[in-house]
Amino acid sequence: MKHICTPKNSYYYDSIVKWLSIKYGDKIGRFLSNRLAKMIRKTNDFCMDNFRVAEVGTKEVKKFEEQSKNGCCGSYENKFIFKEKNKNRIFLIGYNYGH
């Protein structure tokens, strides 16, 4: 698979792709990484922490909600649907930003 490079350095994007691909597989990992990258561009704030992802209907959601309380003052969360042949999988993606 080709990597989408950020200007001068794709380290952060590549490491998020790796993290999510290990957790959910290559297709879903790339799908979630691209959605997160779009969210970050919309925020336009580079002081971010507490990146989090959870699949709805799993124990991950509780950890996702707990982690959202431990970051900077602003937060951005969104829900995405990954459509598969036999079922749709719903994911929450979020992070905190600001000072």
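The rules we used
Residues numbered from 1 in each chain as written. Predicted model: local features only at pLDDT ≥ 70, side-chain atom pairs only at ≥ 80, totals over all residues. Heavy atoms only, no water. Buried < 20%, exposed > 50% of the residue type's maximum accessible area, 1.4 Å probe, protein only. Helix = DSSP H or I, 4+ residues; strand = E, 2+ residues; numbered from the N terminus. Arc of directions from axis to C-beta. Contact = heavy atoms within 4.5 Å. Core = buried A, V, L, I, M, F, W, Y, C linked by side-chain atoms within 4.5 Å.

Chemist: Which residues make up helix α3 (residues 60-68), and what are the values?
Modeler: Within the span of α3, buried status applies to Val61, Phe64 and Ser68. Projected down its long axis, α3 shows its buried positions confined to an angular sector of 55°, all on one face. Exposed and facing more than 90 degrees away from the buried side of α3 are Lys62 and Lys63. Buried positions along α3 lie against β1 (48-55), β2 (74-83) and β3 (88-97).

Chemist: Please set out the nonpolar core residue by residue, giving values where relevant.
Modeler: Of all hydrophobic cores here, the largest spans 15 residues; its most connected members are Tyr24, Leu32, Val53, Phe91 and Ile93. Top contributing element to this core by residue count: helix α2 (residues 26-43), with six residues. Excluding residues within four positions of it along the chain, Val53 makes contact with Trp19, Leu20, Lys23, Tyr24, Leu32, Glu60, Phe64, Phe91, Leu92 and Ile93.

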